[in-house]
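Chain and residue survey
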Amino acid sequence: MYLCLESLPFFRTLLLQVTFPPPALAMSRKVVRTSKFRHVFGQPVKADQCYDDIRVSQNTWDSNFCAVNPKFLAIVVEASGGGAFLVLPLAKTGRLDKSQPLVCGHTAAVLDIDWCPHNDNVIASGSEDCSVMVWEIPDGGLTRSLTEPIVTLEGHTKRVGIVLWHPTAQNILLSAGCDNVILIWDVGCGQSVICIDETHTDLIYSVAWNLDGSLICTSCKDKKIRVIEPRVGTIVAEKDKPHEGSRPVRAIFVSDDKILTTGFSRMSERQLAYWDT
């Protein structure tokens, strides 16, 4: 003789409770994932601590148009009759005076600027006029417009869209132009010491040094990321199509053997990728 417990009301109720707990009991067992950032909110600074009324360049070149160091803020601005950028001491905040002096020696639009890591008063600029200029900013900032650079570097045949100082060696500056050429300059003598002109088959989107300046990584319109030993111009590593989209890709070193890239998918969704060289 067998007894079916489910036929008894008490056991049927107990089984139901074990198999299907009441909604209130199920909700109480959920654990909310803790996050360091759930309740962190940015607080905008006051107006007198901001830089106001700056006519930032409307050029469509893919650049930051801004560079900062421990002393100064530099911003590429709209200018008539050539290219110019603004240099402000970090402490000089508030509304900008219309007569603020500019750095305005280029004859065409400025596309990129970069502060020297070894001298906070020195900045380099690349322009559509195919030249690179190096400027010295006086302590305290500009009191009149600066038109004479300390050196002009000429060697590109098309506009210069990237300028980048070497992270560890003084007076070494890299420039990349729309002629698909990378030049490395000795600023002290005003001459190019390395020319990488047969590596890239199309427009160079970005260039970055590694931490000690022994390698560079580049992204190109031909959809390749390259790691290059600049002294001899050889390709150390190469990745085809790091992102499937056709929009520009950028790449930087985050360590000697790791690279971070930004790009887009085929559906134009933003992507980040982390690569082992």
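Residues numbered from 1 in each chain as written. Predicted model: local features only at pLDDT ≥ 70, side-chain atom pairs only at ≥ 80, totals over all residues. Heavy atoms only, no water.

What the rule picks out here adds up to two aromatic pairs. Between the aromatic rings of Phe72 and Trp115, the centroid separation amounts to 5.6 Å while the plane-to-plane angle is 15°, which identifies the pairing as stacked. Residue Phe72 is found in strand 3 (residues 72–77), and its partner Trp115 is found in strand 7 (residues 110–115); the two are separated by 43 residues along the sequence. For Phe72, a relative accessible area of 2% corresponds to the buried category. Given a relative accessible area of 6%, Trp115 falls into the buried group. We note Arg247 situated over the ring of Phe264; from NZ or CZ to the ring centre the distance is 4.1 Å. (Phe/Tyr/Trp six-rings, centres within 6.5 Å; stacked < 30°, edge-to-face > 60°. Helix = DSSP H or I, 4+ residues; strand = E, 2+ residues; numbered from the N terminus. Buried < 20%, exposed > 50% of the residue type's maximum accessible area, 1.4 Å probe, protein only. Lys NZ or Arg CZ within 6 Å of the ring centre and 35° of its normal.)

Together, Ile252, Val254 and Tyr274 make up an exposed nonpolar region whose accessible area comes to about 300 Å². Positionally, Val254 belongs in strand 19 (residues 250–255). The exposure class assigned to Val254 is partly exposed, which follows from its relative accessible area of 39%. (Patch = residues over 30% accessible without salt bridge, like charges linked within 9 Å, V, L, I, M, F, W, Y side chains within 5 Å. Areas by Shrake-Rupley, 256 points an atom, 1.4 Å probe, with all protein chains shown as cover. Salt bridge = Lys/Arg side-chain N within 4 Å of Asp/Glu carboxyl O.)

Now for the sheet that holds strand 9 (residues 131–136). The strand order across the open sheet formed by four strands is 7-8-9-10, and the pairing between neighbours is antiparallel. With partners counted over all chains shown, the strands left at the sheet margins are strand 7 and strand 10 (151–154), one partner each. Averaged over all adjacent pairs, the angle separating strand axes in this sheet is 20°, with direction ignored. Examined bridge by bridge, strand 8 (residues 122–127) and strand 9 share five bridges and lie antiparallel to one another. Looking at strand 9, one finds that Ile123 is bridged to Trp135. (Pairing = 2+ DSSP bridges. Axes fitted to C-alpha atoms, helices over the stretch in contact; angles between N-to-C directions.)

The strand order 15-16-17-18 describes an open sheet built from four strands, whose pairing is antiparallel. A single partner strand is all that each edge strand has here, and the edge strands are strand 15 (204–209) and strand 18 (234–240). Averaged over all pairs of adjacent strands, the angle between strand axes in this sheet comes to 20°, irrespective of strand direction.

UniProt records the feature "repeat: WD" (unreviewed entry) for residues 103–145 and 153–187 in the present numbering. Secondary structure across residues 153–187 divides into 0% helix and 54% strand, with the first and last C-alpha atoms of the span separated by 8 Å. (UniProt positions renumbered as here; feature names shortened; annotations may be inferred.)

Counted residue by residue, strand 11 (residues 160–165) has six buried out of six residues, so it is predominantly covered. Both strand 11 and strand 12 (residues 172–177) contribute to a ladder of five bridges, which runs antiparallel. Its bridge partner lying in strand 12, Ile162 is registered against Ala176. Remark: six residues form the turn of the hairpin made by strand 11 and strand 12, two consecutive strands paired antiparallel; Asn171 in that turn has positive phi of roughly 65°.

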